[in-house]
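What follows is each chain in one-letter form.
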Amino acid sequence: MTYSLAGKRVWVAGHRGMVGSAIVRRLAQEDCEVLTAARDELDLTDQRAVLGWMHNQRPQAVFLAAARVGGILANDSRPVEFLRDNLLIETAVLTGAESVGVEKLLFLGSSCIYPKHAEQPIREEALLTGSLEPTNEWYAIAKIAGIKLAEAYRREYGCDFISAMPTNLYGPGDNFDLNASHVMPALIRKVHEAKLAGGAVTVWGTGTPRREFLYVDDCADACLHLMQHYSDAPHINVGSGSDISIMELTRLVMEVLDYDGPVVTDSAKPDGAPRKLMDSARLAALGWQPKTALRDGIALAYQAFLAGEGRGL
Ligand code: GDP
């Protein structure tokens, strides 16, 4: 154990988001005090406000799960918000953390930081070895800057800041707005609606891209594991270790939701990167493994969707 959360004041920045809320759920099992700031109470892009809030609240550990996030279409159509807001949030929270003497901080990125044509499975070393996937480079550039800022604070000020790069996540609290969502919540919604209407399920692009998926509560568990057992400059991949084509995923979601209708593809929509599978061997070597099988995770995510636990519904 490199860091104990016991008795600590732990701030989850972005606690209303899918990952942040999963981290809050997971922290309930630890003997610590969870701090959160409501969106109308604190604008995370406002550095002065963040600094003031942190001086008052004095967090000892921070999970930085706040970010402007979205699927392939949202990223492509709102480049300013994806680049600027994420840069502002990272800068504000990391600067504040150094200023108030936070003992440990975990910064969350995403697998889209890696080059479009990175060798698969993608190792941590692939960062900055090639050009990015253009549909999400705005978000990716901001997240790469965040990793580097955490690393720079470690190097220059000796801060114990670490970074985790999760693969595609899904689960309760996801965004089900079809124009902004990632593929998993989109498919859950589309299959559900097709089942009700007895119609076809529309898959964007060709259905041939391959993606890796991790249930969000597994990701939260991995984040706590890293917080407690990892303290070094390199960022760590957080994945499930296997990938699936979008068409296979569509069929799996249809099986779980028990719908056997037609599937059509919409070639006007982009495919994005051909494959994104991460090498999570480092995380495994640190003693962590995912627990939720894809089929079970989809069933849980569908229950959450039916219960209205998500955005864009
Ligand atoms: P990405 O991993 O950054 O590319 O983001 P997404 O999760 O949005 O998309 C993953 C893949 O799923 C891409 O190849 C999309 O074209 C494909 N896809 C198929 N249907 C959908 C859909 O309804 N919504 C989204 N967002 N992606 C879809």
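Read on for an overview of the structure.

The rules we used
- Residues numbered from 1 in each chain as written.
- Predicted model: local features only at pLDDT ≥ 70, side-chain atom pairs only at ≥ 80, totals over all residues.
- Heavy atoms only, no water.
- Helix = DSSP H or I, 4+ residues; strand = E, 2+ residues; numbered from the N terminus.
- Rg over C-alpha atoms; globule rule 2.2 N^0.38 Å.
- Buried < 20%, exposed > 50% of the residue type's maximum accessible area, 1.4 Å probe, protein only.
- Areas by Shrake-Rupley, 256 points an atom, 1.4 Å probe, with all protein chains shown as cover.
- Lys, Arg positive; Asp, Glu negative; His and termini not counted.
- Charge placed at Lys NZ, Arg CZ, Asp CG, Glu CD.
- Salt bridge = Lys/Arg side-chain N within 4 Å of Asp/Glu carboxyl O.
- Polar contact = N/O pair within 3.5 Å; in protein donor to acceptor, adjacent residues only side chain to side chain.
- Contact = heavy atoms within 4.5 Å.
- Near = heavy atom within 4 Å.
- Nonpolar A, V, L, I, M, F, W, Y, C, P; charged D, E, K, R; others polar.
- Core = buried A, V, L, I, M, F, W, Y, C linked by side-chain atoms within 4.5 Å.

### Observations regarding the overall build of the protein chain
1) Next: Looking only at helices and strands, the protein chain features 10 helices and 12 strands.
2) Next: In terms of C-alpha radius of gyration, the protein chain reaches 19 Å, essentially the compact-globule figure of 20 Å for 313 residues.
3) Next: Its C-alpha atoms put the protein chain at 55 × 40 × 40 Å along the principal axes.
4) Next: Buried residues in the protein chain amount to 52% of all 313 residues.
5) Next: Of the roughly 13300 Å² of accessible surface on the protein chain, 50% is carried by carbon and sulfur atoms.
6) Next: For the protein chain, the separation between the mean place of its 31 positive charges and that of its 39 negative charges on side chains is 1 Å.

### Brief notes about the side chain of aspartate 218
1) Next: Along the chain, aspartate 218 turns up in helix α7 (residues 216-229).
2) Next: Despite its burial, aspartate 218 pairs with no opposite charge; the closest candidate is lysine 291, at 5.2 Å N-O.
3) Next: Looking at aspartate 218, its side chain comes within polar contact range of the main-chain nitrogen of threonine 292, at 2.8 Å.
4) Next: Ignoring any residue separated from it by four or fewer positions in sequence, one finds aspartate 218 in contact with Trp288, Pro290, Lys291 and Thr292.

### Re the site of the ligand
1) Next: Around the ligand, the structure places 17 residues, and the nearest of them are Ser181, Lys190, Arg211, Pro270 and Asp271.
2) Next: Contact between the ligand and serine 181: a nitrogen atom at 2.9 Å from a main-chain N or O atom of the residue.
3) Next: In the model, an oxygen atom of the ligand is placed 2.5 Å from a nitrogen or oxygen of the lysine 190 side chain.
4) Next: Protein chains bury 98% of the 540 Å² of accessible surface belonging to the ligand in isolation.
5) Next: Contributions of two or more residues to the shell around the ligand are made by α6 (183-197) and β7 (201-204).
6) Next: Considering each element in turn, the shell around the ligand owes the most residues, 3 residues, to α6.
7) Next: The residue inventory of the shell around the ligand, partitioned by class, reads 8 nonpolar, 5 polar and 4 charged.

### Description of the pattern of salt bridges
Pairing between side chains of opposite charge can happen when the charged atoms of each approach one another.
1) Next: Using the criterion set out here, one finds 22 salt bridges in the structure.
2) Next: Salt-bridge contacts for arginine 9 lead to glutamate 33; the nearest nitrogen and oxygen are separated by 3.2 Å. Residue arginine 9 is found in strand β1 (residues 9-13), and its partner glutamate 33 is found in strand β2 (residues 33-35); the two are separated by 24 residues along the sequence.
3) Next: Judged by its relative accessible area of 40%, glutamate 33 is partly exposed.
4) Next: Across the pair aspartate 85 and arginine 68 runs a salt bridge whose closest N-O atoms are separated by 2.8 Å. Highlighted residues: aspartate 85 in helix α4 (residues 79-99) and arginine 68 in the loop between β3 (61-64) and α3 (72-77), separated in sequence by 17 residues.
5) Next: Under the relative-accessibility criterion, aspartate 85 is labelled buried at 9%.
6) Next: Here the salt bridges do not stand alone but share partners, grouping Arg26, Glu30, Asp221 and Lys291 into one network.

### Re the nonpolar core
1) Next: Trp11, Leu44, Met54, Val93 and Leu105 are the most contacted members of the largest nonpolar core, which totals 42 residues.
2) Next: Going through the elements one at a time, β1, α2 (47-57), β3, α4, β4 (104-108), α5 (137-157) and β5 (161-166) are the ones with two or more residues in this core.
3) Next: Leave out the neighbours within four places in its chain, and leucine 44 touches Trp11, Ala13, Gly14, Val50, Ala66, Leu88, Ile89, Ala92 and Val93.
4) Next: Ala22, Cys32, Leu169 and Leu214 belong to the second-largest nonpolar core, a separate cluster that totals 32 residues.

### Comments concerning unusual backbone geometry
1) Next: Of note, the amide linkage connecting glutamine 120 to proline 121 takes the cis form, showing an omega dihedral of -10°.
2) Next: Along the chain, the position of proline 121 falls in the loop between β4 and α5.
3) Next: A positive phi angle is found at leucine 128, which is not glycine, with a value near 65°.
4) Next: Mapped onto the fold, leucine 128 is located in the loop between β4 and α5.
5) Next: Among the residues examined, leucine 128 registers a relative accessible area of 57% and is labelled exposed.
6) Next: Positive phi outside glycine occurs at aspartate 258, with the angle close to 60°.

Everything listed here is a matter of geometry and, on its own, says nothing about what the molecule does.
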